[in-house]
Structure formats: C-alpha cells, structure tokens
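For reference, the chains in residue letters:
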Amino acid sequence: QVQLVESGGGLVQPGGSLRLSCAASGSIFRLNTMGWYRQAPGKQRELVAVITSGGSINYADSVKGRFTISRDNAKNTVYLQMNSLKPEDTAVYYCKLVLPTIVYWGQGTQVTVSS
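Residues numbered from 1 in each chain as written. Predicted model: local features only at pLDDT ≥ 70, side-chain atom pairs only at ≥ 80, totals over all residues. Heavy atoms only, no water.

Peer 1: Honestly, the overall build of the protein in this entry has me stumped. Any pointers?
Peer 2: Along the backbone of the protein there are zero helices and 11 strands. Secondary structure elements of the protein, listed N to C terminal, follow the sequence β-β-β-β-β-β-β-β-β-β-β. In terms of its C-alpha atoms, the protein occupies a principal-axis envelope of roughly 40 × 25 × 25 Å. Taking all 115 residues of the protein together, the buried fraction comes to 42%. Within the protein, contacts between residues separated by at least 24 positions form 52% of all contacts whose residues are at least 6 apart in sequence. Of the roughly 6200 Å² that the protein leaves accessible, carbon and sulfur atoms contribute 48%. (Helix = DSSP H or I, 4+ residues; strand = E, 2+ residues; numbered from the N terminus. Buried < 20%, exposed > 50% of the residue type's maximum accessible area, 1.4 Å probe, protein only. Contact = heavy atoms within 4.5 Å. Areas by Shrake-Rupley, 256 points an atom, 1.4 Å probe, with all protein chains shown as cover.)

Peer 1: Any chance you could explain the pairing of strand E3 (residues 18-25) here in plain terms?
Peer 2: The two faces of the sheet receive side chains in turn, since in a regular strand these alternate between them. The pairing of strand E1 (residues 3-7) with E3 spans five bridges and is antiparallel. Paired with Glu 6 across the strands is Cys 22, a residue of E3. For E3 and strand E8 (residues 77-82), the ladder comprises six bridges, and the chain directions are antiparallel. Its bridge partner being in E8, Arg 19 is matched across the sheet by Gln 81. (Pairing = 2+ DSSP bridges.)

Peer 1: What should I look at first to understand the packing of aromatic side chains in this one?
Peer 2: Each aromatic ring pair is specified by the distance between its two centres and by the angle formed by the two planes. Counted according to the given criterion, the structure contains one aromatic pair. Taking 5.1 Å as the distance between ring centres and 70 degrees as the angle between the ring planes, the aromatic pair formed by Tyr 37 and Trp 105 counts as edge-to-face. Placement of the pair is Tyr 37 in strand E4 (residues 34-39) and Trp 105 in strand E10 (residues 103-105), with a sequence separation of 68 residues. Judged by its relative accessible area of 17%, Tyr 37 falls in the buried class. (Phe/Tyr/Trp six-rings, centres within 6.5 Å; stacked < 30°, edge-to-face > 60°.)

Peer 1: Sorry if this is basic, but what is going on with the sheet that holds E1 here?
Peer 2: Within a sheet, neighbouring strands are paired by backbone hydrogen bonds and run either parallel or antiparallel to one another. The four strands are arranged E1-E3-E8-E7 in an open sheet whose pairing can be described as antiparallel. A single partner strand is all that each edge strand has here, and the edge strands are E1 and strand E7 (67-72). Across the sheet, the mean angle from the axis of one strand to that of its neighbour is 15 degrees, orientation sign disregarded. (Axes fitted to C-alpha atoms, helices over the stretch in contact; angles between N-to-C directions.)

Peer 1: Would you explain a nonpolar patch on the surface in this entry?
Peer 2: On the surface, Val 98, Val 103 and Trp 105 cluster together to form a nonpolar patch covering roughly 230 Å² of accessible area. By secondary structure assignment, the location of Val 103 is in strand E10. (Patch = residues over 30% accessible without salt bridge, like charges linked within 9 Å, V, L, I, M, F, W, Y side chains within 5 Å. Salt bridge = Lys/Arg side-chain N within 4 Å of Asp/Glu carboxyl O.)

Peer 1: Can you walk me through unusual backbone geometry in this structure?
Peer 2: Residues apart from glycine generally show negative phi values, whereas peptide bonds are mostly found in trans. We note that Asn 76 has phi near 50 degrees; this positive angle belongs to a residue other than glycine. If you trace the backbone, Asn 76 turns up in the loop between E7 and E8. Phi angles above zero are rare outside glycine, and Ser 84 is one such case at about 50 degrees.

Here it is, written out as structure tokens:
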C-alpha cells in the first residue's frame, strides 16, 4: 500500500502564497505521473495541475501563471507553489499518484483564501 502525505495548507490573505507538498511512501523508486486536484464544498473535484513521468506539465486555465507544479524524484515528492491566491482558490487540495494499475490519493489539505 502506497501512502501520500500532504502538507502546507492553511489560511492566507488574497494575493498571498502557499506551497503544498505531497510525499509518497511505500517502496517507490521512480516517480510516476502525479497531479494536484481541488474540491470546494458542493462542487466536483477538479484538476489543478499535472506533471507526467516524462516531465510534461499542464495546468487548469484558472491557475495558469499563478501556480507551479514541480517534483523531487529523489524524495518522491511533488510540490504545488501557489501565488497570487484568490478567494475562489479556496478548497481542499488533493495529491494524486497514477500507477499503471492503480491510482492513489492523498488525504487532502485545506487551503482557505480570505481577508
């Protein structure tokens, strides 16, 4: 069983920044495709950003130019740097790991953008 441990969420004012981390454990020797999703109350979970095993990166239109996804393969960790945060970014953010036969999800970390 693979575990994804997320951290870095919290309360921030509009225009502020947060950096989320997701560490994968469970005898993982090579980082596969990973992504960040978010879900606001009463809404569907939506893709925020994804980074593939080949290094390709894609962002949701709503976060382009503000968010940056990156990874440290040696640490099996993926990051999400969030700048210029807006109230509409408020949601629970989830890390996702895609393996050939199974998908793993983190427990989620709350991000609240409010003055």
